[in-house]
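Tertiary structure, described
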Amino acid sequence: MKRRNLLLGGGAMAALGLGAYALARGRSHDNAYESAAAALRAPRSPGDMGELDFLVHHATLAANSHNTQPWLFSGGAEQVTIRPDFSRATPAVDPDNHHLYASLGCAAENLSLAASAAGRSSAVAFLGEQDAVRVSLGAGAQPDPLFEAIVERQCTRSVYDGRQVPAEDLDAIAAAAKVAGCSVLLVTDKLRMEQVLELIVAANTAQVEDPAFVGELKHWLRFNAAEAVGHRDGLYSACSGNPALPSWIAGPAFGLVFTADAENAKCVSQVRSSAGFAVFVSDSNDPGHWVQAGRSYQRFALAATARGVRHAFLNQPVEVARFRPELAALLGTGDRRPDLVVRFGYAEPMPRSLRRPVAEVITA
Ligand SMILES: Cc1cc2nc3c(=O)[nH]c(=O)nc-3n(C[C@H](O)[C@H](O)[C@H](O)COP(=O)(O)O)c2cc1C
């Protein structure tokens with residue numbers, strides 16, 4: 001073999017070796033991710049782990065914006081208090097902390113359902129002066145069947161299969177989502193869905209072109225299984241149907257593929273394959289009502305999950321403030337602020353997200 005071929009052959013062998021090594025490492029990280037996601041959702045009981053840990057564990061499995069897990073829990077046998085963790089706020093996408101308080105509502109709802117599974121009654125209240133959600137605990141409750149869906153619920157960000165949801169299922173899901181101070185509007189008419197989609201695309205374009213939004217999103221993206229397992233928070237690429245990338249290449253590669261055209265095309269196929277939208281609209285625009293919107297979403301999501309109906313958020317037109325009035329006019333909500341936009345339909349599950357351990361979110 002000539003020297004040049006020998007060198008090339010040697011280089012190729014080295015590259016092959018490195019590639020195989022990277023692949024094997026990637027696989028072992030994938031396995032570690034899958035084990036962590038599965039362990040998080042293994043059956044638990046208050047007897048095994050203590051009641052407070054049991055309640056908080058299920059609370060943390062709630063949906064939350066960018067998976068920042070912006071919550072701190074404290075309490076005991078009589079009540080649990082959930083406070084915002086502003087160190088995990090996302091000011092670019094959520095400048096007034098609307099999503100942060102909605103996320104606390106999602107957690108409060110799960111906590112309340114977990115209380116029922118532990119035989120405890122509960123009442124959720126937002127305490128404005130303490131800037132906290134309090135879940136008061138009593139005795140003598142029956143397990144709420146929605147509890148079972150907590151470990152199954154996920155935001156499924158894939159293209160759906162286009163099937164409609166039967167009206168009786170949709171009615172039952174919407175009925176389960178009822179909480180005081182918040183309404184759920186269902187949009188299943190195709191023409192109306194296209195009008196909502198137009199706003200999603202316009203607001204999405206604004207976000208993708210906003211360096212502050214993109215910078216913040218990147219901060220919370222976890223580009224491969226090792227990053228995701230290391231942090232146990234944030235948005236792991238596989239959960240959104242994106243390929244895992246080595247950390248060193250992910251930054252520059254993200255800049256190339258995260259474009260308005262590419263992201264808008266995804267939104268179009270996601271919406272056109274969905275059965276409808278659920279839009280959560282609370283009566284007043286304040287943190288207490290944002291908590292209620294989060295609770296209503298969480299109940300909707302659990303009731304949908306229990307019936308095999310999947311869902312994912314497309315919140316762009318409520319996040320970019322200038323699109324809110326147009327969405328409100330389209331939906332006829334008057335001067336009430338649309339809080340959350342969720343599409344629903346049928347699809348296979350996606351990889352599941354991670355959470356930090358309860359010890360990191362329970363404070364004295
Ligand atoms: C208030 C709020 C806003 C959210 N906004 C979006 C969104 O605009 N797009 C999206 O894909 N997911 C959104 N999510 C979903 C979170 O990213 C998701 O809950 C989190 O990554 C954890 O994943 P899981 O819900 O599958 O467990 C939102 C969740 C909440 C509670």
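All values derive from a computational prediction rather than experimental measurement.

1. Some points on unusual backbone geometry
Positioned with a positive phi, glutamine 69 is a non-glycine residue whose angle comes to about 55°. Within the fold, glutamine 69 resides in the loop between α3 (51-60) and β1 (71-75). We note that asparagine 97 has phi near 65°; this positive angle belongs to a residue other than glycine. Overall, asparagine 97 belongs to the buried group, its relative accessible area being 18%.

2. Some words on the domain arrangement of the protein chain
As far as domains go, the protein chain holds domain 1 (1-40), domain 2 (46-153 + 352-360) and domain 3 (167-345). With both chains or domains summed, domain 1 and domain 2 bury close to 580 Å², and 60% of this area falls on carbon and sulfur atoms. The three residues of domain 1 that bury the most area against domain 2 are Tyr33, Ala37 and Leu40, which together make up 82% of that side's buried surface. At the junction of domain 1 and domain 2, the tally comes to 1 salt bridge. Across the salt bridge formed by glutamate 34 and arginine 352, the nearest N and O atoms sit 3.7 Å from each other. Its residues placed into classes, the side of domain 1 that touches domain 2 shows 5 nonpolar, no polar and 1 charged.

3. Some points on the packing of helix α6 (residues 190-208) against helix α13 (residues 324-331)
Orientation of α6 relative to α13, taken along the N-to-C sense of each, is 175°, at an axis distance of 10 Å. Between α6 and α13, the angle falls in the class roughly antiparallel. Every residue of α13 that contacts α6 at Arg192, Gln195, Val196 and Leu199 is listed here: Glu326, Leu327 and Leu330. For the contact of α6 with α13, the residue count by class is 4 nonpolar, 1 polar and 2 charged.

4. A short note on the nonpolar core
With 57 residues, the main nonpolar core has Phe73, Ile82 and Tyr297 as its most contacted residues. By residue number, the principal contributor to this core is helix α4 (residues 98-117), which donates 10 residues. Excluding residues within four positions of it along the chain, tyrosine 297 makes contact with Ala63, Cys106, Arg153, Cys155, Phe280, His311, Phe313, Leu340 and Val342. In this structure, Val196, Leu199, Ala206 and Val279 belong to the second largest nonpolar core, which totals 21 residues.

5. Topic: the sheet that holds strand β9 (residues 310-313)
Across a sheet, strands are paired by hydrogen bonds formed along the backbone, either parallel or antiparallel in direction. Strands sit in the order β5-β8-β10-β9 across an open sheet of 4 strands; the sheet is antiparallel. Two strands in the sheet have a free side with no partner beyond their single neighbour: β5 (182-187) and β9. Within this sheet the neighbouring strands show an average axis-to-axis angle of 25°, counted without direction. In the packing of α6 onto the sheet, the strands contacted are β5 and β8 (276-282), and the crossing angle to β8 comes to about 70°.

What counts, and where the lines are drawn
Residues numbered from 1 in each chain as written. Predicted model: local features only at pLDDT ≥ 70, side-chain atom pairs only at ≥ 80, totals over all residues. Heavy atoms only, no water. Helix = DSSP H or I, 4+ residues; strand = E, 2+ residues; numbered from the N terminus. Buried < 20%, exposed > 50% of the residue type's maximum accessible area, 1.4 Å probe, protein only. Domains from an automatic or database assignment. Buried area = accessible area lost by both parts, 1.4 Å probe. Salt bridge = Lys/Arg side-chain N within 4 Å of Asp/Glu carboxyl O. Nonpolar A, V, L, I, M, F, W, Y, C, P; charged D, E, K, R; others polar. Axes fitted to C-alpha atoms, helices over the stretch in contact; angles between N-to-C directions. Parallel < 35°, antiparallel > 145°, perpendicular 65-115°, else oblique. Contact = heavy atoms within 4.5 Å. Core = buried A, V, L, I, M, F, W, Y, C linked by side-chain atoms within 4.5 Å. Pairing = 2+ DSSP bridges.

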